[in-house]
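If you want the building blocks of each chain, they are given just below.
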Amino acid sequence: MSTTKEEEKTKSCSRICPAEEPAPPVSPSQSDGDFSHPVYKEIALANGHINRMTKEELRIKLAELKLDTRGVKDVMKKRLKSHYKKQKLMQSAAEGGPTDTYYDYICVVDFEATCEEDNPSDFLHEIIEFPMVLINTHTLEIVDTFQEYVKPELNPQLSDFCVKLTGITQKMVDEADPFPEVLQRVVDWLQERELGTKYKYAILTDGAWDMSKFLNIQCRISRIRYPQFAKKWINIRKSYGNFYKVPRTQTKLSTMLQKLGLKYEGRPHSGLDDSRNIARIALRMLQDGCQLRVNERMHAGQLLSVPSSAPVEGAPPPHGPRSRE
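Calculation rules
- Residues numbered from 1 in each chain as written.
- Predicted model: local features only at pLDDT ≥ 70, side-chain atom pairs only at ≥ 80, totals over all residues.
- Heavy atoms only, no water.
- Helix = DSSP H or I, 4+ residues; strand = E, 2+ residues; numbered from the N terminus.
- Buried < 20%, exposed > 50% of the residue type's maximum accessible area, 1.4 Å probe, protein only.
- Contact = heavy atoms within 4.5 Å.
- Areas by Shrake-Rupley, 256 points an atom, 1.4 Å probe, with all protein chains shown as cover.
- Polar contact = N/O pair within 3.5 Å; in protein donor to acceptor, adjacent residues only side chain to side chain.
- Pairing = 2+ DSSP bridges.
- Right-handed = clockwise from strand over helix to strand, strands pointing away.
- Disulfide = S-S within 2.5 Å.
- Axes fitted to C-alpha atoms, helices over the stretch in contact; angles between N-to-C directions.
- Left-handed = near helix turned anticlockwise from the far one by under 90°.
- Nonpolar A, V, L, I, M, F, W, Y, C, P; charged D, E, K, R; others polar.
- Core = buried A, V, L, I, M, F, W, Y, C linked by side-chain atoms within 4.5 Å.

Time to look at the overall build of the protein chain. Each helix and strand counted, the protein chain has 11 helices and 8 strands in total. Sorting the 325 residues of the protein chain into buried and exposed places 49% on the buried side. For the protein chain, the proportion of contacts with a sequence separation of at least 24, taken over those separated by at least 6, is 70%. Accessible surface for the protein chain amounts to roughly 15,400 Å². Of this, 50% is attributable to carbon and sulfur atoms.

Put into structure tokens, the structure is as follows:
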């Protein structure tokens, strides 16, 4: 999206976020938050040793364990700590280490929308590209993608700035269908993959704006209800900041990729390419032991945080667009 979207996304993510969830208890008899079991002392000692390692020592140890050696020093430390924590808890008959097994699939979404070089404060952005990238959390792979362009209704003529930024041409949107028809095909695509019925899934975005602003505005313009399956999502910026212990200013897409030792692949501000790169970050975080969980939601048209203490649940089965009347 435009620099305006990036700046606004950063602003919208500045609210207090829930802290990371603690490690699971070692046995059912232990109460939540009780870390008196000896295994936690072993984990603390291992963490202390890892904290004292140089970047080269970290790289060597990760290579010995056949783990990814890319990324900045703090990322490598987090990866090694997560590995040892998982091993220690498994050895102690723990109920499971910090890997993502709740959602079977994660759907990454990064809309592109109409924009001007200097958007007026009352400018109504309309979605012009609807991409989805599907991650299998068990195999840790991108397994499928969806992409369609969308014909805008209020401002059917794209600005030169928008065309240059997104690479989406006037011809592409002129030949596209209106949003409700595209949304129906998104729902069909999700239903064909049995998401929300046979498999648990969640939506994941880069920041809060894709759902809380762009989808929210678009549904009002199209006179349809906000879809239930998109009312909760994983804001990867919050998840990344909490997991790697970095400030929210270091959670832009380009920065997250750089810190993880990855390079952007494709064309920046292409919705599908952005979604693929966000998916690559999510996969690396899962590999590093992060528990990706829903952390934002829409309620009565307002953006709210979901606390880490909230019950974990997948998105509901998707249904086609419904009229606001």
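Turning our eyes to something else, we now look at unusual backbone geometry. Phi is positive for Lys66, which is not a glycine, with a value near 60°. With respect to the element layout, Lys66 can be found in the loop between helix H3 (55–64) and helix H4 (73–91). With phi around 75°, His269 is a residue other than glycine that occupies positive phi space. Mapped onto the elements, His269 comes out in the loop between helix H10 (253–259) and helix H11 (271–287).

Here Arg297 is to be found in strand S7 (residues 296–299). With relative accessibility at 28%, the residue Arg297 sits in the partly exposed group. Here the alpha-carbon distance between Arg297 and Ala230, two residues 67 residues apart in the chain, equals 8.4 Å. Apart from residues no more than four positions distant in its own chain, Arg297 is found in contact with Lys231, Lys232, Trp233, Gln302, Leu303, Leu304, Ser305 and Val306.

Moving on, we get to helix H9 (residues 236–244). Of all 9 residues making up H9, 9 are buried, and the element is well covered by its neighbours. All of the buried residues in H9 are Ile236, Arg237, Lys238, Ser239, Tyr240, Gly241, Asn242, Phe243 and Tyr244. The backbone nitrogen of Arg237 lies 2.9 Å from a side-chain oxygen of the residue at the head of H9, namely Asn235. Lys245, located one to two residues past H9, shows a positive phi value of around 55°.

With that settled, the discussion passes to the pairing of strand S5 (residues 201–205). For S5, the tally of buried residues reaches 5 of 5 residues, placing the bulk of the element in the interior. Of the two faces of S5, both are covered, the one formed by Tyr201, Ile203 and Thr205 as well as the one formed by Ala202 and Leu204. In terms of strand pairing, strand S1 (residues 105–108) meets S5 through 4 bridges, oriented parallel. In the sheet register, Val108 faces S5, and the bridge partner there is Leu204. Relative to strand S6 (residues 232–235), S5 runs parallel, the two sharing 3 bridges. Within S6, the residue paired with Leu204 across the bridge is Ile234. Remark: the S5/helix H8 (residues 209–221)/S6 crossover connection has right-handed handedness.

Looking now at the state of the cysteines. Counted by the stated rule, this structure contains 0 disulfides. Of all cysteine sulfurs in the structure, the one in Cys115 sits closest to Cys162, which takes part in no disulfide; the separation is 3.8 Å.

What follows covers the pairing of S7. Covered by surrounding structure in S7 are Glu296 and Met298 only, the residues Arg297 and His299 on the alternate face being uncovered. The sheet contact formed by S6 and S7 spans 2 bridges and is antiparallel. By the bridge assignment for S7, Lys232 is matched with Arg297. Joining the antiparallel neighbours S7 and strand S8 (residues 302–305) is a turn of 2 residues, in which Ala300 adopts a positive phi near 55°.

With that settled, consider the packing of H9 against H11. Orientation of H9 relative to H11, taken along the N-to-C sense of each, is 35°, at an axis distance of 11 Å. By crossing handedness, the relation of H9 to H11 is classed as left-handed. Contacts between H9 and H11 involve Ile236, Ser239, Tyr240, Phe243 and Tyr244 from the former and Ile278, Ile281, Ala282, Arg284 and Met285 from the latter. Classifying every residue of the contact of H9 with H11 gives 8 nonpolar, 1 polar and 1 charged.

Among the nonpolar cores identified, the biggest contains 35 residues, and Phe130, Met132, Ile203, Met211 and Leu215 are the most heavily contacted of them. If you list the elements that add at least two residues to this core, you get S1, strand S3 (127–136), helix H7 (179–192), S5 and H8. In terms of residue count, H7 provides more of this core than any other element does, 7 residues in total. Apart from the residues lying within four places of it in its own chain, the contact partners of Met211 are Val109, Phe111, Ile203, Thr205, Asn216, Tyr226, Ala230 and Trp233. Ala279, Ala282, Leu286 and Val306 belong to the second-largest nonpolar core, a separate cluster that totals 31 residues.

Secondary-structure assignment places His83 in helix H4. In this structure His83 comes out as buried when scored by relative accessible area, which is 16%. Excluding anything up to four places from it in sequence, His83 contacts Leu65 and Leu67.

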